[in-house]
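# Breakdown of the fold
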Amino acid sequence: QVQLMESGGGLVQPGGSLKLSCAGPHSGYTLGHYAIGWFRQAPGKEREGVSSISGVDGRTYYTDSVKGRFTISRDFAKNMVYLQMNSLKPEDTAVYYCATVEEGPGITIANMVPLHWGQGTQVTVSS
């Protein structure tokens with residue numbers, strides 16, 4: 001089973017920053033071939049799509065609550081996808097997952113479905 005690997009989570013104060021990383025399961029798995037989405041799930045809440053980056057043209061998408069604060073990016077040379085999170089708020093606290101996602105007409109941040117994902121990384125925003 002393909003499993004991506006997330007890292008970079010931790011405890012940060014409100015207003016702080018974290019950078020999450022997403023890696024493929026092995027060096028032969030090229031993340032650049034796929035649309036990648038970041039999801040999060042807080043205790044007692046449903047999974048939420050946060051951001052995605054197209055595997056076709058590199059376009060990026062964000063859910064409204066993180067626009068202007070989060071930035072998704074790729075590093076093709078390192079075969080990594082990142083989620084830079086700035087101005088973090090307590091409501092950003094969740095387990096964050098990266099996953100390959102389908103892309104195409106009708107697929108949005110709100111309805112994208114994770115295909116292959118990892119164990120997740122915990123982000124806690126608290127003073």
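Up top you'll find the structure we're talking about.
The rules behind these values
- Residues numbered from 1 in each chain as written.
- Predicted model: local features only at pLDDT ≥ 70, side-chain atom pairs only at ≥ 80, totals over all residues.
- Heavy atoms only, no water.
- Salt bridge = Lys/Arg side-chain N within 4 Å of Asp/Glu carboxyl O.
- Helix = DSSP H or I, 4+ residues; strand = E, 2+ residues; numbered from the N terminus.
- Buried < 20%, exposed > 50% of the residue type's maximum accessible area, 1.4 Å probe, protein only.
- Phe/Tyr/Trp six-rings, centres within 6.5 Å; stacked < 30°, edge-to-face > 60°.
- Pairing = 2+ DSSP bridges.
- Axes fitted to C-alpha atoms, helices over the stretch in contact; angles between N-to-C directions.

### Comments concerning the pattern of salt bridges
Summed over the entire model, instances satisfying the criterion amount to five salt bridges. For Asp92, the salt bridge is made with Arg40, and the minimal N-O distance between the two is 2.9 Å. With Asp92 in the loop between strand E8 (80–85) and strand E9 (94–101) and Arg40 in strand E4 (residues 35–41), the pair connects residues that are 52 residues apart, well separated along the chain. The exposure classification of Asp92 matches that of Arg40, with both residues buried. The residue Arg59 makes a salt bridge to Asp57 at a minimum N-O spacing of 3.3 Å. Owing to a relative accessible area of 46%, Asp57 belongs among the partly exposed residues under this scheme. Among the ionic contacts, a cluster of salt bridges with common partners joins Arg40, Glu48, Arg69 and Asp92.

### Observations concerning the packing of aromatic side chains
All told, the structure shown has one aromatic pair when counted by the stated rule. Residues Tyr29 and Tyr34 carry aromatic rings whose centres are separated by 5.1 Å and whose planes lie at 10 degrees to one another, so their mutual orientation is stacked. Of the residues examined, Tyr34 reaches a relative accessible area of 32% and is grouped as partly exposed.

### Here we look at the sheet that holds strand E1 (residues 5–7)
As summarised here, the arrangement of the four strands in space is E1-E3-E8-E7, forming an open sheet in which the pairing is antiparallel. Strands at the two margins of the open sheet, each flanked by one partner only, are E1 and strand E7 (70–75). Sheet twist, expressed as the mean angle between neighbouring strand axes with direction ignored, is 20 degrees. Sheet topology note: the E1/strand E3 (residues 18–23) ladder contains three bridges and is antiparallel.

### Brief notes about the pairing of E4
Every other side chain in a regular strand lies on the same face of the sheet, so the side chains alternate between the two faces. Of all seven residues in E4, six are buried; the element is thus mostly enclosed. Here E4 runs beside E9; their pairing, made up of seven bridges, is antiparallel. Residue Gln41 lies in a different strand from E9, and its bridge partner there is Val95. Where E4 and strand E5 (residues 48–53) come together, five bridges link them in antiparallel fashion. Counterpart to Arg40 in the pairing with E5 is Glu48.

The quantities given are spatial measurements derived from coordinates; they are silent on function.
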